[in-house]
Each structure stands twice: as C-alpha cells, then as structure tokens.
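# Per-entry structural report
Spelled out from the first residue to the last, the chains are:
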Amino acid sequence: MTDKVKKIQSGDVRTASRLIRHLEDNVHEARSTMKDIFPLTGHAHVVGLTGSPGAGKSTLVDALIEAFRKMGKTVGVIAVDPTSPFTGGAILGDRIRMQRHAEDPGVFVRSVATRGALGGLSRAVGDAIHIMDVMGKDIVLVETVGTGQQEVDIMHYAHTVLVVLIPGMGDDIQAIKAGILEIANIFVINKAEREGSSKLRKELITMLNMAPDSAFPAGWRPPILKCENAFQPATFSQSVMDLAQTIHEHYEHLVKNNLIGSWSNRKAATEFNEAIRCAILDPILNSLMQNGELDAMIRKLVNKETDPYTLAEEIAGRFLKMG
Amino acid sequence: MPENIIRVMIAKPGLDGHDRGARVLARCFRDAGFEVIYTGCHQTPEQIAAAAIQEDVDVVGLSCLSGAHRYLFPAVVDQLRQRGGDDITVVGGGIIPDQDFQFLYDAGLKALFTPGEKLDDIVDWFRKNVKKRD
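All values derive from a computational prediction rather than experimental measurement.

### Comments concerning the environment of R133(B)
Tracing the chain through its elements places R133(B) in the segment after α5 (119–129). Taking the C-alpha atoms as reference points, R133(B) and T114(B), separated by 19 residues in sequence, lie 27 Å from one another.

This is the structure:
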C-alpha cells in the first residue's frame, strides 16, 4: 500500500483533497491510487440530497452535519455545483452555508463542479465518495446540483436518497411524472411554513398510494418529513434531528433486509461503466482531437458528407478489436 | 487529457460585511474559466485556511475593507503554513493604503489589488502567477 493511501486511511485531509483534485483534472497517476483505495471501501453510509435550485439543500446539509455530529458520527460532504457550459468556470457556493463546520476535524466538505457531466453529479463524485469512505467518514452526504426532473444519477451512488421539495413549485401533475420523484427514499418538504405545504404533502401521499408495491423495496414506503423555518433554530434543529434519525433507519432497513447487496450491484455496474468510458472512449477522443481528425470529422458532418453512425462504426472498427 | 483549471477561494476575513467586490471578482473569475469557491463574510483566518485545504485551491483571494488587513491577511498565510498549505498562493484586495504594501508582501502575500484595478488585469495576473502545484 502506498504512503498516500495510508495517509488517506489516517484521515489526512490534505492528501485526500489533493487526490480528488487530481481525479477531477484527469491526472493519470491518480487512477492507480484509486486501485488501492477501492478494496478498502464499504464503511460509509452514503446519503444523497437532490432537489430544485433554491430548495434549501445546502442549508439542510449544514443542519444534517450538526445532527450527525451530535449522534457521534463523522461526516464527509461532496457539494456539486454547475460548470458554465460557455467558459468552463464555476462558482461553488454551497460551502457558504456550511462554513461553521470548517474547523471541525470530524467534518470534511469538498465542493466539486460538474465539468460537463450530465445527471446532476460530476465524474469525480464516485471516486470522492470512495476517498471519504476510506478516510473513515461514517456518513457521506452528496448534494447534487439543483436538479430538474431527470438528474437521477445520485440513486446509483447513494444508499439513501433525499428528495427536497418546497411548496408552491407546480401543479398536481408534477407528482405523477417519472424521474426525480421516483428515486426518493425519503421526501423532505422544506420551508414548510410556506403556504401550500399541506397540499404538497397530500399530493405526495396520493402519488405514493398509486405506486405499485414493487416500488417499495421490502416495504419501505418513503416517509414525508417536514422541515420548517430555518430561521428558528430550535424547531428547525429538532426536525432535522428527526430527519437524521429517519436516514439512519433507512440504512438499517437496507441492512436488515439484505438490500445492500442489490444496491451494491447497481453501484458496481455504474462505476464499471464509467471506468470503461475513461479507459476506452477518452483515449480515442483524445487521439482524434490531438491529430485534428476530430475537427475534420465534425466539418464533414456539418457539410453532410457523411453521417455520425457511419463515422462511429469506422472509428470502432479502427480502434476496437472485438471478441 | 489532464485538465488544468485554476481553483480560487474568495474569502472575507474578519468583521467586514462589504462583499460586493468579492462577488464581482467571483463572477469575473468564473467567466475567466476558473472554479471559484466563495466562503461568505465574517470568516476567521482558521476557517479560511481549513476550507482552502479541504477544497484544494491553488490560490486564496482575501478581501478586506475594514482596515484590519495588517492583522488578518498575515494570519491567513500563517494558518495555511501550519496546515501544510504553503504552496497555496495568497493575494489580497480592498482598501489598503500604499504604506502597508511592503508589510503585507513581507508577510507572504503575492499581490494586492486596490480600487481602480481592471478586472482583466487581475485575471491576467492570476493566469501568469498562480503556479501549478504537483
């Protein structure tokens, strides 16, 4: 085992955050460190928070850190914010709400930018979860970008997914749509002091009532919790304490009903997909980009001299030796 | 192919809530293609240094308009050193009298930007001087 891995195992933040950076930057050596990290994973309970922009995810994460710390658990946070599709830059602002924990050695908060990844996460998120896991964090909270309806990648990485909603976001039909509402293990109605929170709750109950039993693995029907008025710290922390307890119960439910296994299968498949893409697609695209072929191909496509399907087959024929 | 995106933390140490300048810079750095972590106002030097290490930034930009820069800026440099972050570049900005410049450079700040500075010039300085770390 390398020194780096030992340092990470001992919880060294500097080494861990540097490694996450190298993974984000696609530095080749970082991949080989991950080979040593991978077998050591499996300790942390990974909790995802998703929901629309402004739903209060960062504030909830901040309060959940406090709640889990009170329960004696160490916490890692991965907060994802969007990269500008035009400049490649990003403002990572989730941390503002969590700065009071900056000096707590039991808390490690890392902001990451999506860097072009779709699905509400970034390519480095899976690796960052592993690294925090191996650092010994009991809970890893992953806050996705503010999502629409289809950014559901978090379900492949988190044991427990929280969908954070706020009253007044849309009419009833939203509740029967596929996508983000289907991935919730726990619903949080945040800012519940606002008008419309009872209506939202009723809509969610109706939606759950219409779902088939198969939607509730081993009978886990997603509970709906309300969190209200973050500006009244006493009541807010109490409702977040209840939320932390429910998150814990969900994990126990997974363990008790042997559901961790099927979850692990799904997660392994996702990670493998991603790793294959890194190992095969990226080098091909890089080589095409470096010798200028990619630009030439795109020109041909624009001029309709060929079509993407033929080109892709040609490249597969050139680079891949199947079977 | 390895990417090389500059990561910046913009932080406001001490009891100064005037963050318009810090926000304008955060936006300007985003538009320059940097990743910007903004910590908000009223931060202690310890909080700023701890966050910079957790976020693995290349550079910390401190903003202070209250006159406490002679105490706060060196304190951040010192806290970063104590946490093994001496390869992180620290720069400052705000209302800083000329006679304090040398004192702050001696304390380890690499550049100071005061009112009237052009945003493009600041971005250029970052591109030229923020060194790549291994």
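### So, the nonpolar core
Counting 113 residues, the largest nonpolar core has L64(A), V188(A), V36(B), V60(B) and V76(B) as the members making the most contacts within it. Every residue in contact with V76(B), bar those within four places of it in the chain, is listed here: P13(B), P45(B), I48(B), A49(B), V60(B), L62(B) and V90(B).

### Side note on the domain arrangement of chain A
Interface size is commonly expressed as the accessible area that is lost once the parts come together. In terms of domain boundaries, chain A breaks down into domain 1 (40–257) and domain 2 (271–319). Using only C-alpha atoms to locate each centre, domain 1 of chain A and domain 2 of chain A end up separated by 36 Å.

### Points about the sheet that holds strand β7 (residues 186–190) of chain A
Residues and elements named next belong to chain A. Spatially, the 7 strands line up as an open sheet ordered β4-β2-β5-β1-β6-β7-β8, and their pairing is parallel. Among the strands making up the open sheet, the edge pair consists of β4 (107–113) and β8 (224–227). On average, each strand axis in the sheet is tilted by 20° relative to the strand beside it, whichever way the strands run. With 7 bridges connecting them, strand β2 (residues 75–81) and β4 associate as parallel partners. Paired with G76 across the bridge in β4 is F108. The strands touched by helix α8 (residues 233–256) within the sheet are β1 (45–51), β6 (160–165), β7 and β8, with β8 carrying the most contacts at an inclination of about 155°.

### Section: the pairing of β8(A)
Residues and elements named next belong to chain A. Of the two faces of β8, the one lined by L225 and C227 is fully buried and the one lined by I224 and K226 carries no buried residue. Bridge analysis of β7 against β8 gives 4 bridges, and the strand direction is parallel. In the sheet register, V188 faces β8, and the bridge partner there is L225. For the handedness criterion, the β-α-β arrangement of β7, helix α7 (residues 197–210) and β8 is classed as right-handed.

### Some remarks on the interface of chain B and chain A
Between chain B and chain A, the contact holds 28 residues from the first and 28 residues from the second. Of all elements in the fold, only α1 (20–31), β2 (35–38) and α2 (45–55) of chain B reach the threshold of two or more residues within the side of chain B that touches chain A. Examining the composition of the side of chain B that touches chain A, we find that 7 residues originate from one element, α2(B), more than from any other. In terms of residue class, the side of chain B that touches chain A is made up of 13 nonpolar, 8 polar and 7 charged. Of the strand pairs in this sheet, strand β3 (residues 90–92) of chain A and β2(B) are connected by 3 bridges, and their pairing is parallel. Among the inter-strand pairings, I91(A) is bridged to a residue of β2(B), identified as V36(B).

### A closer look at the sheet that holds strand β3 (residues 59–64) of chain B
Backbone-to-backbone hydrogen bonds join strands into a sheet, with any given pair of strands oriented parallel or antiparallel. In spatial order, the strands read β3(A)-β2(B)-β1(B)-β3(B)-β4(B)-β5(B); together these 6 strands make up an open sheet with parallel pairing. The sheet is open, and its two edges are formed by β3 of chain A together with β5 (111–113) of chain B, each paired on a single side. The sheet shows a mean angle of 25° between the axes of neighbouring strands, taken without regard to direction. Across 3 bridges, the pairing between strand β4 (residues 89–94) of chain B and β5(B) is parallel. Among the inter-strand pairings, V91(B) is bridged to a residue of β5(B), identified as A111(B).

Criteria and thresholds
- Residues numbered from 1 in each chain as written.
- Chains lettered and ligands numbered in written order.
- Predicted model: local features only at pLDDT ≥ 70, side-chain atom pairs only at ≥ 80, totals over all residues.
- Helix = DSSP H or I, 4+ residues; strand = E, 2+ residues; numbered from the N terminus.
- Core = buried A, V, L, I, M, F, W, Y, C linked by C-beta atoms within 7 Å.
- Buried ≥ 20, exposed ≤ 12 C-beta atoms within 10 Å, placed from the backbone.
- Contact = placed C-beta atoms within 7 Å.
- Domains from an automatic or database assignment.
- Pairing = 2+ DSSP bridges.
- Axes fitted to C-alpha atoms, helices over the stretch in contact; angles between N-to-C directions.
- Right-handed = clockwise from strand over helix to strand, strands pointing away.
- Nonpolar A, V, L, I, M, F, W, Y, C, P; charged D, E, K, R; others polar.

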